[in-house]
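The residues making up each chain are set out below.
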Amino acid sequence: MSIDLAEVAKERKIKYFLISYTDLLGTQRAKLVPAEAIGGMARNGAGFAGFATWLDMTPADPDILAMPDPDSLIQLPWKPEVGWLAADPWMAGKPVEQAPRNMLKRLIATAADRGFQLKSGVECEFFLISPDGENIGDISDRQTKPCYDQSALMRRYEVISEICDGMLQLGWNPYQNDHEDANGQFEMNWDYSDALVTADRHGFFKYMVKSIAEKHQLRATFMPKPFSSLTGNGCHVHVSLWKGNRNLFEDENGELGISSIGYAFIGGIIHSADALAAILNPTVNSYKRINAPRTLSGATWSPNTVTFSGNNRTHMIRIPEAGRFELRLADGAANPYAMQAAILAAGLDGIQSNRDPGKRLDINMYTDGHLVQDVKKLPLNLLDALRALEGSKLLSDSLGEYVPAYLKLKHEEWNDFSRHLTRWERETTLDC
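A brief structural summary. Small disclaimer: the values here were computed from a predicted structure and weren't measured.

**Things to note about the overall build of the chain**
When helices and strands are counted, the chain shows 15 helices and 17 strands. For 432 residues, the compact-globule formula gives about 22 Å, and the C-alpha radius of gyration of the chain, at 22 Å, lands near that figure. Oriented by its inertia axes, the alpha-carbon framework of the chain measures out at about 65 × 50 × 50 Å. Restricting the contact set of the chain to residue pairs at least 6 apart, pairs at least 24 apart contribute 70%. For the chain, the computed accessible surface area is about 19,700 Å², with 49% contributed by carbon and sulfur atoms.

**Structural notes on the packing of aromatic side chains**
As enumerated under the stated definition, the model contains 19 aromatic pairs in all. Three or more aromatic residues joined by ring pairs make a cluster, and in this case those are Trp-78, Trp-84, Phe-126, Trp-172, Phe-186, Trp-190, Phe-204, Phe-205, Tyr-207 and Phe-222. Positioned above the aromatic ring of Phe-48, the side-chain terminus of Lys-31 is 5.2 Å from the ring centre. A cation over a ring is seen here: Lys-206 above Phe-222, with NZ or CZ 5.3 Å from the ring centre.

**A look at the pattern of salt bridges**
Applying the stated criterion across every chain, the model contains 19 salt bridges. Of the charged contacts in the structure, one is a salt bridge between Asp-138 and Arg-155, with a shortest N-O distance of 2.7 Å. In this pair, Asp-138 is assigned in the loop between strand 8 (117-129) and helix 4 (150-155) and Arg-155 in helix 4, connecting sequence segments 17 residues apart. According to the relative accessible area criterion, Arg-155 is partly exposed, its value standing at 33%. Here Glu-321 makes a salt bridge to Arg-324, at a shortest N to O gap of 2.9 Å. For Glu-321, a relative accessible area of 43% corresponds to the partly exposed category. Several salt bridges share partner residues, and in doing so they unite Asp-69, Asp-88, Arg-101, Lys-105 and Asp-200 into one network.

**Topic: helix 1 (residues 5-12)**
Taken together, the buried positions of helix 1 are Leu-5, Val-8 and Ala-9. Summarising the axial view, the buried residues of helix 1 lie within an arc of 105°, below the 170-degree limit, and thus occupy one face. Projecting away from the buried face of helix 1 at angles above 90 degrees are the exposed residues Lys-10 and Glu-11. Next to the buried residues of helix 1 lie strand 1 (16-22), helix 2 (38-44) and strand 6 (82-91). The N-cap residue of helix 1 is Asp-4: its side-chain oxygen and the backbone nitrogen of Ala-6 are 3.0 Å apart.

**A closer look at the pairing of strand 17 (residues 324-327)**
Sheet topology places strand 13 (residues 235-243) next to strand 17; 3 bridges connect them, and they run antiparallel. From the neighbouring strand, His-238 faces strand 17, where its bridge partner is Glu-326. Strand direction decides the pairing type here: strand 16 (residues 317-321) and strand 17, joined by 3 bridges, are antiparallel. When the bridges of strand 17 are listed, Arg-318 appears paired with Glu-326. Between the end of strand 16 and the start of strand 17, which pair antiparallel, lie 2 residues, with Gly-323 showing a positive phi angle near 90°.

**What to know about the side chain of Thr-22**
By the secondary structure assignment, Thr-22 is in strand 1. Among all residues touching Thr-22, those that are not within four sequence positions of it are Thr-27, Gln-28, Pro-100, Asn-335 and Tyr-337.

**Some words on the layout of surface pockets**
Taken as a whole, the largest pocket spans an internal volume of roughly 840 Å³. Around the largest pocket, the lining comprises 35 residues; the ones closest to its centre are Leu-25, Gly-26, Thr-27, Lys-206 and Lys-210. Elements with a minimum of two residues in the lining of the largest pocket: strand 1, strand 2 (28-34), helix 6 (195-215), strand 12 (219-221) and helix 14 (402-418). Of the residues forming the lining of the largest pocket, the biggest block, 5 residues, is contributed by helix 14. As for the second largest pocket, its lining consists of 21 residues, of which Glu-123, Tyr-148, Glu-180, Glu-187 and Arg-313 are closest to the centre. Among the elements of the structure, strand 8, strand 9 (174-179) and strand 10 (185-190) are those that each provide at least two residues to the lining of the second largest pocket.

**So, the environment of Trp-242**
If you trace the backbone, Trp-242 turns up in strand 13. The buried category is assigned to Trp-242, whose relative accessible area is 12%. Along the sequence, Trp-242 and Gly-121 sit 121 residues apart, while their C-alpha atoms lie 14 Å from each other. There is a polar contact of 2.8 Å between the side chain of Trp-242 and the side chain of Ser-240.

**A few points about the nonpolar core**
Nonpolar side chains in soluble globular proteins tend to be buried together. Phe-205, Phe-265, Ile-269, Met-316, Phe-325 and Leu-399 are the most contacted members of the largest nonpolar core, which has 122 residues in total. The leading source of residues in this core is helix 10 (residues 336-353), at 11 residues. Excluding residues that lie within four positions of it along the chain, Phe-205 makes contacts with Cys-124, Phe-126, Ile-163, Met-167, Trp-172, Met-188, Trp-190 and Phe-222. In this structure, Phe-127, Ile-129, Phe-227 and Leu-230 belong to the second largest nonpolar core, which totals 6 residues.

**Brief notes about helix 3 (residues 100-113)**
Here helix 3 spans 20 Å end to end across 14 residues, near enough to the 20 Å set by a 1.5 Å rise per residue. Within helix 3, burial applies to Pro-100, Arg-101, Asn-102, Met-103, Leu-104, Leu-107 and Ala-111.

**Side note on unusual backbone geometry**
For Lys-13, which is not glycine, the phi dihedral falls at a positive 60°. Tracing the backbone through its elements, the reader meets Lys-13 in the loop between helix 1 and strand 1. The exposed category is assigned to Lys-13, whose relative accessible area is 68%. The phi dihedral of Asn-173 falls on the positive side, at around 60°, and the residue is not glycine.

**As for the environment of Met-103**
The residue Met-103 is located in helix 3 in this model. Under the relative-accessibility criterion, Met-103 is labelled buried at 0%. When the C-alpha positions of Met-103 and Asp-88 are compared, they lie 9.8 Å apart, and in sequence the two are 15 residues distant.

Rules and cut-offs
- Residues numbered from 1 in each chain as written.
- Predicted model: local features only at pLDDT ≥ 70, side-chain atom pairs only at ≥ 80, totals over all residues.
- Heavy atoms only, no water.
- Helix = DSSP H or I, 4+ residues; strand = E, 2+ residues; numbered from the N terminus.
- Rg over C-alpha atoms; globule rule 2.2 N^0.38 Å.
- Contact = heavy atoms within 4.5 Å.
- Areas by Shrake-Rupley, 256 points an atom, 1.4 Å probe, with all protein chains shown as cover.
- Phe/Tyr/Trp six-rings, centres within 6.5 Å; stacked < 30°, edge-to-face > 60°.
- Lys NZ or Arg CZ within 6 Å of the ring centre and 35° of its normal.
- Salt bridge = Lys/Arg side-chain N within 4 Å of Asp/Glu carboxyl O.
- Buried < 20%, exposed > 50% of the residue type's maximum accessible area, 1.4 Å probe, protein only.
- Arc of directions from axis to C-beta.
- Polar contact = N/O pair within 3.5 Å; in protein donor to acceptor, adjacent residues only side chain to side chain.
- Pairing = 2+ DSSP bridges.
- 1 Å grid on protein atoms, 1.4 Å probe; cavity = no way out; pocket = protein on both sides within 12 Å on 5 of 7 lines; lining within 4 Å.
- Points joined across faces, edges and corners; volume = space filled by probe spheres on them.
- Core = buried A, V, L, I, M, F, W, Y, C linked by side-chain atoms within 4.5 Å.
- Expected span 1.5 Å × (residues − 1).

By themselves, these observations are geometric and do not establish any function.
Laid out in structure tokens, this is it:
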């Protein structure tokens, strides 16, 4: 039985709804709709000019209609009179294929046809910084190795606890919060779930963190590498594949407790890793995280080679325990929906093609990686990653209209970056 949003509004005392969709570059677009009008919006959608957002459209295109998903309803913990709804863009009576949430739903349906359900969890790292974005927000947070620093964590108790209280109220089952490896950096963890649920929560989490930080006169950023000497913001994804109540990745007789289907899925990720980087590391700045020199703390905690290991954080893929793996490639700029869709597409290809992930490496890639000669390197910059995505027939076929639309916008972004003259260039080249 479908949810009657007008009735829900009365029961929960919701005055307004944010009907929100996520565009190609991960920006959330929304309209604020009074509860009295939600019935019409639920039937017909909220109208947007697609060209005015990051979608590959023109001013001549008709309106897109953002159709709210009632199952996604989240009441804002810090403003409970407002309900947030993830929405799916439609145009001319059919879903907009390039829209990331529509794409993920299509991939989920493809997986379901094969009896598979992707479940995932995300670890979203972020910095709390000054409102002008120039410095970390806590001038006392100065340790060389600040990870898990109790004092720095508790100095931000009001912010972190308010966010965690919100997740508790929403039933996400958050289970830990910590100060991360960079000064001013934090991570908050909640339970894994179905890939679409995780993507909706991931998008909302970023909005919630930024909103609550603003309440406390701070700014939150998920930028991959906001400070050159500090560890960047990763978005590690924990992945498992299910059939009903059975975890298909779990096998007590398998190496590290992972089944053959799990290793084939990993093989698919490894096969498409360079192309996946264009989606999971989607900005110019992203490549200052995954190809970073040693940071102040002593390690970047991010990969630059396409390798997998057991419980070893120096590799792109880590298997911390039986039944799941952690993909450490993605960063804080990754689109919550496109990231899940790309992982699922590559993994399904791995299963269908029975891809071999190759030899597991258990070395410290940060110190001994140069000794390994036969592994792929990740792209050095966004342009290399975009070219890899252009050359991936697998992802082009699987992700459909999203790929050419995304590539068009991202090449424009790269060209804009290339036209930008930096101070470093002037300082090092004026006297050439």
